[in-house]
Amino acid sequence: MTGPSALSVRGLSVRYGSATVVSGVDLEVPPGEVVALLGRNGSGKSTVLRAVAGLIRPAAGSVAVAGLDVTGRPAHEVARCGVGLVPERGGTFSGLTVLEHLRLASLRAAPGAGERIAEALEDFPVLSVAGARPARALSGGERRMLALAAAFVRGPGVMLLDEPSLGLAPRAAAALDRAVARLTERGIAIVVVEQHVRLALALAGRAYLLRRGRTVLEAPAAELLADPRLVEAYLGAPDPALAAAAPRG
Ligand SMILES: Nc1ncnc2c1ncn2[C@@H]1O[C@H](COP(=O)(O)OP(=O)(O)OP(=O)(O)O)[C@@H](O)[C@H]1O
Ligand SMILES: [Mg+2]
């Protein structure tokens, strides 16, 4: 690998009060790569993303963006360093229209925002059709696409996607696939958290498995796709989609 990682997380620990919910997590994401962060409910996935984005101050460890140490900096500064978080919930303003969201995102964006608005509308035609509608008149899935599109328009070097497929119909999930592919073509590094393990592994080059806030496995996504029972073994409970794909024997 040449040059610094787009995102480098070392020994990240996060506490809520006296409870340590993330412990010693490392992540390395080169430019243009997708890394999947997998784990059961409550394993700490969203907490890792929130700590990387500066929404929570880590108890220990470091976060570097393109070689720049941003550990402990507030969220708006981390965002200015090129980190875009698309959270599990929210990320849109109910009274603003789709196009207003994208224009607002372009105001404090890296150069080329106009082009990115056009690309986002091309990737998610449903947003193009709904351009004049306020976010409150969108479906949950459409609002998730809008949050992703707005984050992309800002021109980040790293995108943190928390359950992007949540509430998306299969067709919209396919659009998500294409959108992620286009993000990586532009050199954007992506960390994707997904309940839908197969979808995440199909998007990702590498995967990290979290269990109770600790990394229990780091492996190439292709290896985990080829042997879904490995994921099951590490995560401790079957994923229905994986069980369906696992060879019987
Ligand atoms: N603000 C908070 N205060 C206290 N505990 C919290 C807070 N947010 C999360 N937790 C706890 O931290 C742990 C990790 O939560 P987190 O949301 O990171 O899990 P997750 O892997 O994203 O789960 P899910 O798949 O359900 O989204 C959980 O036990 C959760 O209850
Ligand atoms: Mg979560």
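Anyway, here's the lowdown on the structure attached to this text. (Residues numbered from 1 in each chain as written. Chains lettered and ligands numbered in written order. Predicted model: local features only at pLDDT ≥ 70, side-chain atom pairs only at ≥ 80, totals over all residues. Heavy atoms only, no water.)

For alanine 66, which is not a glycine, the phi torsion comes out positive at approximately 50°. Of note, alanine 66 is situated in the loop between strand S4 (60–65) and strand S5 (68–69). Judged by relative accessible area, alanine 66 falls into the exposed class, the value being 52%. Despite not being glycine, arginine 212 has its phi angle at roughly 45°, a positive value. (Helix = DSSP H or I, 4+ residues; strand = E, 2+ residues; numbered from the N terminus. Buried < 20%, exposed > 50% of the residue type's maximum accessible area, 1.4 Å probe, protein only.)

Running from N to C, helix H3 (residues 98–107) and helix H6 (residues 140–153) cross one another at 25°; their axes reach a closest spacing of 8 Å. Considered as vectors, H3 and H6 are oriented roughly parallel to each other. You can see that H3 and H6 cross each other, and the crossing is right-handed. Where H3 abuts H6, its residues Val98, His101, Leu102, Ala105 and Ser106 lie against Leu146, Ala149, Ala150 and Val153. Classifying every residue of the contact of H3 with H6 gives seven nonpolar, two polar and no charged. (Axes fitted to C-alpha atoms, helices over the stretch in contact; angles between N-to-C directions. Parallel < 35°, antiparallel > 145°, perpendicular 65-115°, else oblique. Left-handed = near helix turned anticlockwise from the far one by under 90°. Contact = heavy atoms within 4.5 Å. Nonpolar A, V, L, I, M, F, W, Y, C, P; charged D, E, K, R; others polar.)

On to the sheet that holds strand S2 (residues 19–29). Taken together, four strands build an open sheet; the order of strands is S2-S1-S4-S5 and the sheet is antiparallel. With partners counted over all chains shown, the strands left at the sheet margins are S2 and S5, one partner each. The pairing of strand S1 (residues 7–16) with S2 spans seven bridges and is antiparallel. The residue bridging valine 9 from the neighbouring strand is leucine 27, located in S2. (Pairing = 2+ DSSP bridges.)

This part takes up helix H7 (residues 170–185). The terminal C-alpha atoms of H7, which comprises 16 residues, lie 23 Å apart, in line with the 22 Å expected from a rise of 1.5 Å per residue. For H7, the full list of buried residues reads Ala172, Ala173, Ala175, Leu176, Ala179, Val180 and Leu183. End-on, the buried residues of H7 take up no more than an arc of 150°, which puts them together on one face. Away from its buried face by more than 90 degrees, H7 exposes Pro170, Arg171 and Glu185. Next to the buried residues of H7 lie strand S3 (34–38), helix H4 (113–123), H6, strand S7 (158–162), strand S8 (189–193) and helix H8 (197–203). Following H7 by one or two positions, glycine 187 has its phi on the positive side, about 85°. (Expected span 1.5 Å × (residues − 1). Arc of directions from axis to C-beta.)

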